[in-house]
Protein chains: 2
Amino acid sequence: MPTIDEIAKICKVSKTTVSRVLNNHPYVSEEKRKKILDVIKELDYSPNYLAKHLRARKTRTLALSVPTVDHPFFGQLIKGISNEAFQKGYKVLICQTFYKKKNELEMMSLLKNKEIDGVILGALENEWPTIEPYLAYGPILLCNEYHENASIPIICYDEFEAGYKAVKHLIEKGHQKIGFCFDTSYSQAQGQRMKGFLKALSEANLQVKEEWIFDGAFTIKDGFNIFNKLHNLNEKPTALFTGNDQVAAGIIKKAILNDYKVPEDLAIIGYDNQLICQVTAPTITTIGIPIIELGNQSVQKILSYIEQGEEVKREMIQLPTKLIVREST
Amino acid sequence: MPTIDEIAKICKVSKTTVSRVLNNHPYVSEEKRKKILDVIKELDYSPNYLAKHLRARKTRTLALSVPTVDHPFFGQLIKGISNEAFQKGYKVLICQTFYKKKNELEMMSLLKNKEIDGVILGALENEWPTIEPYLAYGPILLCNEYHENASIPIICYDEFEAGYKAVKHLIEKGHQKIGFCFDTSYSQAQGQRMKGFLKALSEANLQVKEEWIFDGAFTIKDGFNIFNKLHNLNEKPTALFTGNDQVAAGIIKKAILNDYKVPEDLAIIGYDNQLICQVTAPTITTIGIPIIELGNQSVQKILSYIEQGEEVKREMIQLPTKLIVREST
DNA sequence: CTGAAAGCGCTAACAC
DNA sequence: GTGTTAGCGCTTTCAG
């Protein structure tokens, strides 16, 4: 790969001039510009990323953390964020936390290394005080997560209201024994969702039993396991707010195999409105989330901080969700 | 963020010495090493990625192309590849082609820019001659794809044999009218798969009708559409090799809704052995692919080229697949 | 309009 | 053991 110096030498100009045509500066004679452009094309020259950005002290790449990439929700989130970033001329480095604090911190240190210009947290593993110091190195933003003390922009949706309306729907369907699932990361977002769940229950003078609350709910397989636990309970819930369509699908499958009638014996409500909701039997009632919009807004917000060079401040953008009723409730 | 110079100044040593302790070189007095380490920790110093790698002329990052990230197969592939690369101290930049030649070339140019050290193609959109020149800038490797002329390592599995055994299974189940689906990218890998399909048919003296071959088969929704097309046919196939579990799930759902008996009226075989195979009713017969292994081997192979600095050469590693029989056939 | 020179932050000969 | 110096490839003053 030729360097800018070689181009300059061949064109018998200084590298300054080459740099100027590369960056579309004015004040270069048409003649030289043309010649330089020709040689650039001929030698198939392309400027060195590392050198260019070392000089500019920025990288035009963002990092995005997710628990794992092979989950439909996060797959779509990544897709949305990558597209939007790409259109603005930024690249996205995907970092999987696998629910480990350590992996999250390793990503944060990319910010210190100047390897990235900003971080979008699609998950939050560490306590906020652990993350906060990294703000000194670049903007950080929470997407699809929530934290009460985080002094950064939060792009999310109203998890409380989503939890509330899901459970309210189950209650209206006549259920009194309602369970809840959350994934391994007990995030504040899921805490909010649970508060909504509890509010709906208490409004109807209902109680939860502790054994109706299941954790580790993320995949179809987790759904299988949760069903097994539920099935072994003496007093079983008759409805479950699973917080995740994959989990819902897994539970439904096992329930049907064990001669439960869904939704009569066990009503199930998912979360995310993934396509899988439409292929199970019965189909899955769920909460629809504007994933792409979540991604777009996150990118726009973080880029505005990066490009203005302002200090991030706490602000919260909540996107609307909707209840989508199908056969499982 | 402090630089190496500041550390040096504070410790009253040259930056060479600081660099030496940073890189664990010998020949630094214990005393100075200790002092330097202390100051580094105190100032929370961390070396600048851009500067370090500009100097070293490498980036320790790989690019991986996939059609789109929000598809279970590619999600798992990304996960496997990222993990393996990460363990070896490399980062991976995910690039989505969305089946566009242009996007693929944009990724290839990262190699020219020295923004990445190597490329793993998880999809192949352009013709091989278009890609080949980029070999001058770094190693390229095909993963989960196949191309007869590509002079690079190919980590794949025997698509021909997979197609053959899938269709053979359908024939053994008594089917004579068997259809085939492929996704929008008519890759050579899928070509191989189709050859296996055709071989099995011809061995049994069976014919395909052109209208039994469906393209655009990638998602659950595509499965819905394909079912609709099939349903409108005068002469319908009684079995379908869908090439994809999501598509299989979509077709099965619509078929059941339209009072087909699966597998009696329409047998369906998927591809990939995703968890979704286990939650549909009926469950899906499929071909199991060693996705993680595919990723591991790809990373190991490309890193060996990057680190040895050798020219890549054609070599093919084929991993085994297996037929997993469930209720849909 | 154009070029010389400085410098982004780091590593590695090479000398001492 | 340690420091001086050059240079990775680029952009940007500043002077002409």
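### A closer look at the protein's contact with DNA strand D
In the vicinity of DNA strand D, 24 residues are found, and the nearest of them are I4, S19, N48 and A51 of chain A together with S14 of chain B. Here the surface near DNA strand D is built from residues that sort into nine nonpolar, nine polar and six charged.

### Remarks on the packing of helix α1 (residues 4-11) of chain B against helix α3 (residues 30-43) of chain B
Residue and element names in this part refer to chain B. Across the interface, α1 lies against α3 with an axial gap of 10 Å and an inter-helix angle of 125 degrees. One way to sum up the angle between α1 and α3 is to call them oblique. Of the two possible hands of crossing, α1 and α3 adopt the one that is right-handed. Across the interface between the two elements, I7, I10 and C11 of α1 pack against K35, I36, V39, I40 and L43 of α3. A class-by-class count of the residues in the contact of α1 with α3 yields seven nonpolar, no polar and one charged.

### A few points about unusual backbone geometry
The step from V262 of chain B to P263 of chain B runs through a cis peptide bond, and the omega angle for that step is 15 degrees. Secondary-structure assignment places P263 of chain B in the loop between α11 (245-257) and β9 (267-269). Phi angles above zero are rare outside glycine, and D44 of chain A is one such case at about 60 degrees. Looking at where D44 of chain A falls in the secondary structure, it is placed in the loop between α3 (30-43) and α4 (49-56). Taking the C-beta count within 10 Å as the criterion, D44 of chain A has 12 such neighbours and is therefore assigned exposed. Its identity is not glycine, yet R57 of chain B carries a phi of approximately 55 degrees, on the positive side. Locating R57 of chain B in the fold gives a position in the loop between α4 (49-56) and β1 (61-66).

### Considerations on the interface of chain B and chain A
Chain B puts 42 residues into the contact, and the matching count from chain A is 42 residues. Going through the elements one at a time, α4, α5 (72-87), β2 (91-96), α6 (101-112), α10 (220-231) and α11 of chain B are the ones with two or more residues in the side of chain B that touches chain A. Split by residue class, the side of chain B that touches chain A holds 19 nonpolar, 15 polar and eight charged.

### Notes on the relation of the copies chain B and chain A
Once turned by 180 degrees and shifted 0.1 Å along the axis, chain B lies on chain A with an RMSD of 0.1 Å. Between the two chains, the operation in question is that of a two-fold axis. Mapped onto chain A, 100% of the interface residues of chain B are again interface residues, and the two copies thus contact each other with one and the same surface.

### Topic: the sheet that holds strand β7 (residues 213-214) of chain B
All names here are of chain B. Spatially, β7-β6-β8-β9 is the arrangement adopted by the four strands of the open sheet, whose pairing is parallel. In the strand order of this sheet, the two ends are held by β7 and β9, each with one partner. Here strand β6 (residues 178-181) pairs with β7 via two bridges, running parallel. Bridge pairing links F180 to I213 in β7. With respect to the sheet, α11 is in contact with β6, β8 (239-241) and β9, its orientation differing from that of β9 by roughly 160 degrees.

### Description of the packing of helix α2 (residues 15-22) of chain B against α3 of chain B
All names here are of chain B. Viewed as axis vectors pointing N to C, α2 and α3 meet at an angle of 85 degrees, and their least axial separation amounts to 10 Å. By the angle class used here, α2 and α3 are roughly perpendicular. For the pair α2 and α3, contact is made by T17, V18 and V21 and by K32, R33, I36 and L37, respectively. Among the residues making up the contact of α2 with α3, the classes are represented as four nonpolar, one polar and two charged.

### Things to note about the protein's contact with DNA strand C
Near DNA strand C there are 23 residues, and of these S14 of chain A together with T3, I4, N48 and A51 of chain B occur at the shortest range. Only α2 (15-22) and α4 of chain A together with α2 and α4 of chain B provide two or more residues apiece to the surface near DNA strand C.

Cut-off values and rules
Residue indices begin from 1 for each chain and proceed along its sequence in written order. Here chains are named by letter from A upward and ligands by number from 1 upward, in the order in which they appear as written. The predicted nature of this model means local features are confined to residues of pLDDT at least 70 and side-chain atom pairs, given and counted, to a pLDDT of 80 or more, with totals for whole chains, interfaces and linings taken over all residues. Using a C-beta atom placed from the backbone for every residue, we mark a residue as near a molecule or strand if that atom lies within 6 Å of it. Under this grouping Gly is polar, as are all residues other than the nonpolar Ala, Val, Leu, Ile, Met, Phe, Trp, Tyr, Cys and Pro and the charged Asp, Glu, Lys and Arg. Angles shown run from 0 to 180 degrees and are taken between the N-to-C directions of axes, each axis being a line fitted to C-alpha atoms and, for helices, limited to the stretch in contact. Helix numbering and strand numbering both begin at the N terminus, where a helix is a DSSP run of H or I of at least 4 residues and a strand a DSSP run of E of at least 2. Here roughly perpendicular refers to angles of 65 to 115 degrees, roughly parallel to angles under 35, roughly antiparallel to angles over 145, and oblique to all remaining angles. Should the near helix be turned counterclockwise from the far one by less than a right angle, the crossing is left-handed, whereas a clockwise turn marks it as right-handed. It is the C-beta atoms, placed from the backbone, that decide contacts: two residues are in contact if theirs lie within 7 Å. Residues with at least 20 neighbouring C-beta atoms inside 10 Å of their own are called buried, those with 12 or fewer are called exposed, and the rest are partly exposed, where every C-beta is derived from the backbone. For the least-squares superposition of copies, only C-alpha atoms count, and only for residues with pLDDT at least 70 in both. Pairing between two strands requires that DSSP report at least two bridges joining them.

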